[in-house]
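Summary of the model geometry
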Amino acid sequence: MKKIKIITMIVLIILITMVSFFGVYTQVQNRMENQVRDYALDMDLDGARYVRLSVNKESTDVIKDADGNEVETDEEMTDEQLSENGYTKESVPNNSEDVLTVENYDKTKKIISERLKSQGAGEYEISVDNETGDILVQIPENENTDSLVSNINTIGNFEIIDADTKEVLMDNNDIKLVNVMYGSSSSTSSGTTVYMNIEFNKEGTKKLENISNTYVESDEDTSNTTADNTTTDNTTTDNTTADNTTTDNTTSEENTTETTKKEITLKIDDEEIMTTSFDEPIENGKLQLSMGSSTTDVDTLQDNISQASSIASVLDSGKLPIQYDMISNEYILSDITNTHIEYLAIAIGIVLLIGFVILIIRYKVNGLLSAIAFIGLISLYLLVIRYTNVSVSIQGIIGIIVTIILNYIFINKILATIKKSEDNKKLGTIKEGIKESYKEFFMKLIPICISVIVFCFINWTTISSFGMVMFWGIALIALYNYLITATMLKVKAEK
């Protein structure tokens with residue numbers, strides 16, 4: 001029975017090792033795909049998308065009237081037409097000299113960081129040249145990268161204007177926060193609608209209430225009076241008798257209703273999002289805009305959510321103080337290739353093999369069982385890293401190596417304690433020896449454990465990667481060796 005227990009655990013270890021190192025393949029259409037999740041690699045191992053932004057140095061022609069007010073026109077006006085209307089044309093830089101400051105460069109960096117973070121970019125790096133203002137953004141390459149990149153240099157100029165007079169009624173300064181909401185209507189057949197929820201600050205709330213009271217659809221009654229006049233019909237007969245038909249004047253009144261509208265236009269970066277009026281006053285300071293129509297199609301719904309989230313992240317992060325141009329957008333591979341990682345894995349394997357041989361020579365059967373259990377721990381460890389979405393960086397690989405070393409030290413300590421227990425009965429039973437090994441080893445690890453937990457919460461991927469890898473490693477050393485390694489050794493000792 002005891003032999004069956006050990007064999008069962010060894011078979012389980014072999015299965016875990018096969019899954020971890022070789023995978024589980026199933027047929028998908030005409031190809032075989034590994035169903036075991038791949039590693040989430042950090043940018044220093046997997047490469048990254050490099051996006052370079054440069055300060056816009058262009059100018060825009062602006063037409064102004066005699067009072068110096070900007071004139072909006074959709075047509076290109078000749079010099080003669082400008083002169084006739086008393087207009088002048090000025091070339092105005094898109095970025096004036098007074099906005100090109102280190103403070104605004106840093107503010108731009110912060111806004112871009114907030115946009116990336118709000119859209120779920122767990123890892124990114126942003127560097128700024130304080131002399132030129134140029135910005136370099138590094139983002140991991142995945143299915144969301146293109147969406148993240150598309151909003152990096154969007155200015156995010158938000159305006160609510162009068163549709164007729166073009167007067168700016170509200171802008172970015174009135175926004176408190178922007179998020180995305182979605183829900184189903186009362187009729188399940190119409191599906192789900194996605195909303196962009198704009199919540200305004202105290203001053204913005206007052207403005208929105210005034211606007212929603214002013215820009216409404218109203219009905220105006222008008223009355224039209226019409227007259228139906230029948231002219232006199234005079235008929236003369238041969239007998240000189242006159243048949244006089246008196247005039248018939250009929251008057252009718254028709255009531256008509258004329259609808260008038262005062263509308264506002266919502267614009268983002270001078271692009272009109274919608275023109276509308278309000279049905280009722282908005283007093284809570286929240287404006288909900290539907291993004292697309294209600295749908296039951298999952299892909300369409302996801303597109304609506306993605307579009308709304310993209311706009312929301314731009315508005316919620318604030319307006320860029322400087323206009324930037326994207327001068328490059330390219331994926332650059334890491335200097336560390338798969339070949340380098342394979343060489344490292346082979347080197348670690350050779351060192352481990354030597355370590356296993358030493359264990360077997362020193363502790364015989366116990367050493368062999370511990371070596372087998374050790375292989376199982378490494379296999380399970382690599383699976384845990386993959387399925388807990390730990391981003392593996394160079395520092396993370398160092399964490400894996402440190403974990404393997406710690407486990408070897410721990411196993412060697414347990415085996416040494418068991419050997420002493422067998423040689424000197426005064427040291428107690430094997431169970432007590434294992435318990436004492438746990439207590440002594442993990443008491444020494446307390447400072448390391450505290451540091452590892454702190455590293456997990458640091459918002460720097462390279463450090464957090466090391467922390468997370470070490471956290472799961474130490475947890476597995478404690479749990480796995482108690483359930484598997486110690487059990488195998490105790491079962492063997494009870495033979």
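Here, every reference points to the structure presented above.
Attention in this report is confined to the structure presented alongside it. (Residues numbered from 1 in each chain as written. Predicted model: local features only at pLDDT ≥ 70, side-chain atom pairs only at ≥ 80, totals over all residues. Heavy atoms only, no water.)

Focus: the side chain of Ser 54
- Relative to the assigned elements, Ser 54 resides in strand E4 (residues 48-55).
- A polar side-chain atom of Ser 54 sits 3.3 Å from a polar atom in the side chain of Asp 134.
- When residues no more than four places from it in sequence are discounted, the contact partners of Ser 54 are Asp 134, Gln 323, Tyr 324, Asp 325 and Ile 327. (Helix = DSSP H or I, 4+ residues; strand = E, 2+ residues; numbered from the N terminus. Polar contact = N/O pair within 3.5 Å; in protein donor to acceptor, adjacent residues only side chain to side chain. Contact = heavy atoms within 4.5 Å.)

Focus: the nonpolar core
- Counting residues in each nonpolar core, the largest one holds 48 residues, and the members touching the most others are Phe 442 and Met 488.
- Broken down by secondary-structure element, the contributors of at least two residues to this core are helix H1 (2-22), helix H8 (338-387), helix H9 (394-423), helix H10 (430-444), helix H11 (446-456) and helix H12 (461-493).
- Considering each element in turn, this core owes the most residues, 14 residues, to H8.
- Those residues in contact with Met 488 that lie beyond four places of it in its chain are Ile 6, Met 9, Ile 10, Ile 13, Leu 369 and Ala 373. (Core = buried A, V, L, I, M, F, W, Y, C linked by side-chain atoms within 4.5 Å. Buried < 20%, exposed > 50% of the residue type's maximum accessible area, 1.4 Å probe, protein only.)

Quick word on the sheet that holds strand E9 (residues 158-162)
- Reading across from one edge, E10-E9-E17-E18 is the order of the four strands in this open sheet, with antiparallel pairing throughout. Looking at strand neighbours, the two that pair on one side only are strand E10 (168-171) and strand E18 (271-276), the edges of this open sheet. Averaged over all neighbouring strand pairs, the angle between strand axes comes to 20°, with direction disregarded.
- Contacts between helix H6 (residues 202-214) and the sheet are confined to E10 and strand E17 (264-268), with E10 contributing the most and set at about 145° to the helix. (Pairing = 2+ DSSP bridges. Axes fitted to C-alpha atoms, helices over the stretch in contact; angles between N-to-C directions.)

Let's talk about the packing of H10 against H12
- Relative to each other, H10 and H12 sit at 160°, their axes nearing to 11 Å. In terms of axis orientation, H10 runs roughly antiparallel to H12. In this structure, the crossing between H10 and H12 has a hand that is right-handed. Listed contacts from H12 to Ile 430, Lys 431, Ile 434, Tyr 438, Phe 441 and Phe 442 of H10 are Ile 474, Ile 477, Ala 478, Asn 481, Tyr 482, Ala 486, Lys 490 and Ala 493.
- Along the lines of polarity and charge, the residues of the contact of H10 with H12 split into 11 nonpolar, one polar and two charged. (Parallel < 35°, antiparallel > 145°, perpendicular 65-115°, else oblique. Left-handed = near helix turned anticlockwise from the far one by under 90°. Nonpolar A, V, L, I, M, F, W, Y, C, P; charged D, E, K, R; others polar.)

Here we look at the packing of H1 against H12
- Where H1 meets H12, the axes come as close as 9 Å, and the angle between the chain directions of the two elements is 145°. Every pair of crossing elements has a handedness; the one defined by H1 and H12 is left-handed. When H1 is examined against H12, the residues Lys 2, Lys 5, Ile 6, Met 9, Ile 10 and Ile 13 are found in contact with a partner set consisting of Tyr 480, Ile 484, Thr 487, Met 488, Val 491 and Lys 492.
- Residue composition of the contact of H1 with H12, by class: eight nonpolar, one polar and three charged.

Here's the deal with the pattern of salt bridges
- Here the structure, examined in full by the defined rule, presents eight salt bridges.
- Across the salt bridge formed by Glu 199 and Lys 176, the nearest N and O atoms sit 3.8 Å from each other. With Glu 199 in strand E12 (residues 192-200) and Lys 176 in strand E11 (residues 175-184), the pair connects residues that are 23 residues apart, well separated along the chain.
- Assessed through its relative accessible area of 18%, Glu 199 is described here as buried. (Salt bridge = Lys/Arg side-chain N within 4 Å of Asp/Glu carboxyl O.)

Some points on unusual backbone geometry
- Phi is positive for Asp 270, close to 65°, though the residue is something other than glycine.
- Secondary-structure assignment places Asp 270 in the loop between E17 and E18.
- Asp 270 gets classed as exposed once you look at its relative accessible area, which sits at 58%.
- Even without glycine at this site, Lys 364 takes up a positive phi of about 55°.

Notes on the pairing of E10
- Pairing between E9 and E10: three bridges, direction antiparallel. Considered in E10, the bridge of Ile 160 is made with Met 170.
- Between the antiparallel neighbours E9 and E10 lie five residues, among them Lys 166 with a positive phi of about 65°.

Remarks on the sheet that holds strand E8 (residues 135-139)
- The four strands lie next to each other as E7-E8-E4-E20, forming an open sheet whose pairing is antiparallel. One side of each edge strand has no neighbouring strand; the edge strands of this open sheet are strand E7 (125-128) and strand E20 (324-332). Taking the axes of each pair of neighbouring strands and ignoring which way they run, one obtains an average angle of 15° across the sheet.
- Across the sheet, helix H4 (residues 102-118) touches E4, E7, E8 and E20, and the angle it forms with E7 is around 170°.

Overview of H8
- Here H8 is 50 residues long, yet its end C-alpha atoms lie only 21 Å apart, well below the 74 Å a rise of 1.5 Å per residue gives.
- Along H8, the sharpest change in direction is near 145° and occurs at Tyr 363.
- A positive phi of about 55° marks Asn 389, the residue just after H8. (Expected span 1.5 Å × (residues − 1). Bend = angle between axes of the 7 residues up to and from the residue.)

Looking at H1
- Taking 1.5 Å of rise per residue, the 21 residues of H1 would be expected to cover 30 Å, and the 30 Å separating its terminal C-alpha atoms lies within 8% of that figure.
- Taken residue by residue, H1 has Ile 6, Met 9, Ile 13, Ile 16, Thr 17 and Ser 20 as its buried positions. The arc enclosing the buried residues of H1, seen along the axis, measures out at 100°, which places them on a common side. Facing away from the buried side of H1, by more than 90 degrees, are the exposed residues Lys 3, Ile 4, Leu 15 and Phe 22.
- Looking at the buried positions of H1, the neighbouring elements they touch are H8 and H12.
- Directly after H1, the chain includes Gly 23, whose backbone phi takes a positive value near 90°. (Arc of directions from axis to C-beta.)

Looking at a nonpolar patch on the surface
- On the surface, a nonpolar cluster with roughly 590 Å² of combined accessible area is contributed by Met 443, Ile 446, Ile 450, Val 454, Ile 458 and Trp 460.
- No other element matches the three residues that H11 contributes to the nonpolar patch.
- The class for Ile 450 is exposed, based on a relative accessible area of 51%. (Patch = residues over 30% accessible without salt bridge, like charges linked within 9 Å, V, L, I, M, F, W, Y side chains within 5 Å. Areas by Shrake-Rupley, 256 points an atom, 1.4 Å probe, with all protein chains shown as cover.)

Functional significance is not addressed by these values, which are geometric in nature.
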